[in-house]
Amino acid sequence: MIIRKDRVRELKCDVLVVGGGAAGMTAALAAQRQTSSVTVVSNSPLGASSATTMAGGGITLPSETFTPEEFISEVMRCGADINDRKLVKAVAETSPTIFKRLCEEIHLPIWKRDKYTFGIIPDEKARMAGYHLASGMAREIKAHGIRCVEDFTLVDLILDDDTCVGCLGISDDGTLYLVRSKSVVLATGGYAGIYLRNDNPPGITGNGLILAFEAGAQLRDMEFIQFVPGFDDPQLPETIFQPPPFPAGLKVVNSKGDDIFRKHFQEEIDLNEAILRYRDRLTLALKRECDSGESVMVEFSGVNEVDWNRYYCLKLLSYYQNYERGKPIGISPIAHFTMGGVVIDERARTSVKGLFAAGEVAGGLHGANRMSGVALTECLVFGEIAGKSASEYSKECDINLDKICEGVYEDKIADFWALEGLTNGKNSPLALYKRLQRYVWTYLSPIREATSLKQFKTKLEQFKKDVAEGFRVEDVRDLKRVIRLRKMLALIDIVRLACELREESRGGHYRSDYPAQNDEDWRKSIFLEKKEGKLSHYSRRTDL
Ligand SMILES: Cc1cc2nc3c(=O)[nH]c(=O)nc-3n(C[C@H](O)[C@H](O)[C@H](O)COP(=O)(O)OP(=O)(O)OC[C@H]3O[C@@H](n4cnc5c(N)ncnc54)[C@H](O)[C@@H]3O)c2cc1C
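Procedures and definitions
- Residues numbered from 1 in each chain as written.
- Predicted model: local features only at pLDDT ≥ 70, side-chain atom pairs only at ≥ 80, totals over all residues.
- Heavy atoms only, no water.
- Helix = DSSP H or I, 4+ residues; strand = E, 2+ residues; numbered from the N terminus.
- Buried < 20%, exposed > 50% of the residue type's maximum accessible area, 1.4 Å probe, protein only.
- Contact = heavy atoms within 4.5 Å.
- Domains from an automatic or database assignment.
- Buried area = accessible area lost by both parts, 1.4 Å probe.
- Salt bridge = Lys/Arg side-chain N within 4 Å of Asp/Glu carboxyl O.
- Core = buried A, V, L, I, M, F, W, Y, C linked by side-chain atoms within 4.5 Å.
- Pairing = 2+ DSSP bridges.
- Axes fitted to C-alpha atoms, helices over the stretch in contact; angles between N-to-C directions.
- Expected span 1.5 Å × (residues − 1).
- Bend = angle between axes of the 7 residues up to and from the residue.
- 1 Å grid on protein atoms, 1.4 Å probe; cavity = no way out; pocket = protein on both sides within 12 Å on 5 of 7 lines; lining within 4 Å.
- Points joined across faces, edges and corners; volume = space filled by probe spheres on them.
- Nonpolar A, V, L, I, M, F, W, Y, C, P; charged D, E, K, R; others polar.
- Near = heavy atom within 4 Å.
- Polar contact = N/O pair within 3.5 Å; in protein donor to acceptor, adjacent residues only side chain to side chain.
- Areas by Shrake-Rupley, 256 points an atom, 1.4 Å probe, with all protein chains shown as cover.

**Here's the deal with the environment of Leu 236**
Looking at the element boundaries, Leu 236 is found in the loop between strand S11 (225-231) and strand S12 (251-254). For Leu 236, a relative accessible area of 9% corresponds to the buried category. Between the C-alpha atom of Leu 236 and that of Leu 317, which follows or precedes it by 81 residues, the distance is 9.3 Å. The contacts of Leu 236, once residues within four sequence positions are left out, are Phe 231, Tyr 320, Tyr 323 and Ile 329.

**Considering the domain arrangement of the protein**
Partitioning the protein into domains gives domain 1 (5-224 + 339-396) and domain 2 (226-335). Computed over C-alpha atoms, the centres of domain 1 and domain 2 are 30 Å apart. Counting residues at the interface gives 28 residues for domain 1 and 27 residues for domain 2. Each partner contributes to the roughly 2,100 Å² buried at the junction of domain 1 and domain 2, and carbon and sulfur atoms together form 45% of this total. For the domain 1 face of the interface with domain 2, the top three residues by lost area are Arg 127, Arg 197 and Asp 199, together amounting to 33%. In this assembly, domain 1 and domain 2 are joined by one salt bridge. One salt bridge in this structure joins Glu 74 and Arg 277, with 2.7 Å as the shortest N-O distance.

**A look at the nonpolar core**
Counting residues in hydrophobic clusters, the biggest one holds 147 residues, and the most contacted among them are Met 222, Phe 382 and Phe 416. Here this core spans two domains, since at least three of its residues come from each of domain 1 (5-224 + 339-396) and domain 2 (226-335). When residues no more than four places from it in sequence are discounted, the contact partners of Met 222 are Tyr 191, Leu 209, Gly 340, Gly 341, Leu 491, Ile 494, Val 495, Ala 498 and Leu 528.

**Things to note about the sheet that holds S12**
If you trace the four strands from one edge of the open sheet to the other, you get S11-S14-S13-S12, paired in antiparallel fashion. The open sheet has two free edges, formed respectively by S11 and S12, since each of these has just one partner strand. Along the sheet, successive strands turn relative to each other by an average axial angle of 45 degrees, direction set aside. The pairing of strand S13 (residues 296-299) with strand S14 (residues 329-338) spans three bridges and is antiparallel. What sits directly across from Val 298, in S14, is Ile 329.

**With respect to helix H4 (residues 85-106)**
Along its 22 residues, H4 runs 30 Å from first to last C-alpha, staying within 8% of the 32 Å computed at 1.5 Å per residue. At Thr 94, H4 is bent by approximately 50 degrees, the largest bend along its length, and proline Pro 96 sits one to four residues beyond. Every buried residue belonging to H4 is among Leu 87, Val 88, Ala 90, Val 91, Ala 92, Ser 95, Ile 98, Phe 99, Leu 102, Cys 103 and Ile 106, and all of these are buried. Where H4 ends, the next residue or the one after it, His 107, has phi of about 50 degrees, a positive value.

**Focus: empty space enclosed by the protein**
Per the counting criterion, the structure on display carries one cavity of 30 Å³ or more. The wall of the largest cavity is formed by Thr 26, Leu 29, Arg 33, Ile 98, Arg 101, Leu 102, Glu 105, Met 137 and Glu 384. Listing elements by their share of the lining of the largest cavity, those giving two or more residues are helix H1 (22-32) and H4. Per-element tally for the lining of the largest cavity: the top contributor is H4, with four residues. The residue makeup of the lining of the largest cavity, split by class, is four nonpolar, one polar and four charged.

**Here's the deal with the layout of surface pockets**
Taken as a whole, the second largest pocket encloses approximately 420 Å³ of empty space. As for the second largest pocket, its lining consists of 28 residues, and the residues nearest its centre are Asp 280, Arg 281, Asn 369, Arg 506 and Gly 507. For the lining of the second largest pocket, the secondary structure elements donating two or more residues are helix H3 (68-78), S11, helix H8 (271-277) and helix H9 (279-291). Of all the elements, H9 adds the most residues to the lining of the second largest pocket, at five residues. Counting residues domain by domain, the lining of the second largest pocket receives three or more from each of domain 1 (5-224 + 339-396) and domain 2 (226-335).

**Here we look at the site of the ligand**
Neighbouring residues of the ligand: 39 residues in total, closest Asn 43, Thr 52, Gly 58, Glu 360 and Leu 376. Taking Ala 23, its main chain carries an N or O atom lying 3.0 Å from an oxygen atom of the ligand. Between the ligand and Leu 376, the relevant distance is 2.8 Å, taken from an oxygen atom to a main-chain nitrogen or oxygen of the residue. When the ligand is considered free in solution it has 1,000 Å² of accessible area, and contact with the protein chains removes 97% of it. Of all the secondary-structure elements, those providing two or more residues to the shell around the ligand are H1, helix H2 (51-54), strand S7 (152-160), S14 and helix H12 (374-396).

**Description of the sheet that holds strand S15 (residues 341-343)**
Hydrogen bonds between backbone groups are what pair the strands of a sheet, and the pairing can be parallel or antiparallel. The mixed open sheet is built from five strands, whose spatial order is S17-S15-S10-S20-S21. Each edge of the sheet is formed by a strand with only one pairing partner; in this case those strands are strand S17 (362-363) and strand S21 (534-540). Relative to S17, S15 runs parallel, the two sharing two bridges. Paired with Val 343 across the strands is Gly 363, a residue of S17.

This is the structure in structure tokens:
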């Protein structure tokens, strides 16, 4: 037995935050200002193995060069007008103050990158801008004495009478944790990790999101995935070519030497503009080139000597062991960010009482596509709001954690032992995990269409039969993979369905059988929920 029954550990708190990225850490700090009983759990050390740590450090928000009204209209334009306007407005109104305070509190070094965006100056040692943000926040959390469990994998949320009252998790040493909490803030990030080619840290596969769904929360916009140009070169790591700004003279060309922007965009545009404002169109251009057998490269011959030392994106290349300066680099789309997520209101409340969500796990702010730099802003704003709302809620609610019927917790633990029963089979969890990622890469690629979405459904049915035969589990890591895989499978069903339902192209969702944006029928979001144990859906507008 991997998890020992005599090792169940109980924790109790008013506010439990799940996730140690920017959203989770901001929520914990905000909650701690109002209540001392805050716990953060995360499956990796705070800040590490999070998208936040890997971020290029662009933070887009209203400033003296970008008014709140311009911010709202630009975020809605990028989102193809199906964003939740109330969330966009909340970010426009509060982000400047929240960002200013954060910069002061953690001494975040920043510069103004362009009209829209601030940049975090990268940490010299870690060479990543996001690391500066994540490590600064982690230091604050520790300085405030907030309790942290940093090897905690979320297994399930616990409900009593449709109210969230805690969660179950396992740690790397095989301890089963039972956390009793008056409120839970989910900040487990997005689901780009379901794709074989992605630039997220391992484990960002939407587990928190599907647990919220199973607990009764609604999801929205699950079909919208943002892809960006990633290295496609055997000598280099499979990661995003980042961060902007890129110098003049840098070109993106196909193997015939055609300039990709001239070929695929009607207007005069360069890589900076495309990355900042037109990621969906850039993805389609790259995907079409790749599908027609062309390779696409970033070409550096026009970059002058001064710029090689001045631009961080070029400096970063010199850190890769096998990179020869100036050599063209192959690029192709890579899954980067997920616009879909748990439905929240302006107070970060989900449709489940006691359950709040913030950061990439939540949906609605970005609509069909995200403007560059607005993800970190979202984490700061909704992290702050979620932390505050959760602590206020835990003060007002009349939950006595000691009096919650024992059966509620016991049942969840029993479900967990039943899962362990599935771990005597033959399947390698890692092999199945990779197979599923490959399927997602093939069938939910940036270019989708009805026939292949149907074929994918059949593939998934067969896959589920294989999963039902059980796994060969040798250690806690394998067990965590089994937990992740089962949740990932449930999530992929939902993403596939949303892709099939949306019979048009918009933002980060392109259908080759419905290539046009159809505002008359589809200027709305698809909402998904569990009703009487079944997946159901409806659509409505939230941009008004
Ligand atoms: C390479 C890269 C560059 C980017 N650059 C930018 C940029 O410049 N500007 C910008 O605005 N956005 C950028 N983004 C997007 C942005 O970084 C993310 O959207 C944002 O950091 C998400 O923060 P988060 O706190 O919601 O989630 P994350 O930072 O991903 O944190 C999630 C946390 O949850 C934990 N977790 C996940 N699942 C579980 C589980 N089952 N159990 C327990 N813990 C769990 C993880 O360990 C982690 O601590 C970038 C993303 C990437 C990948």
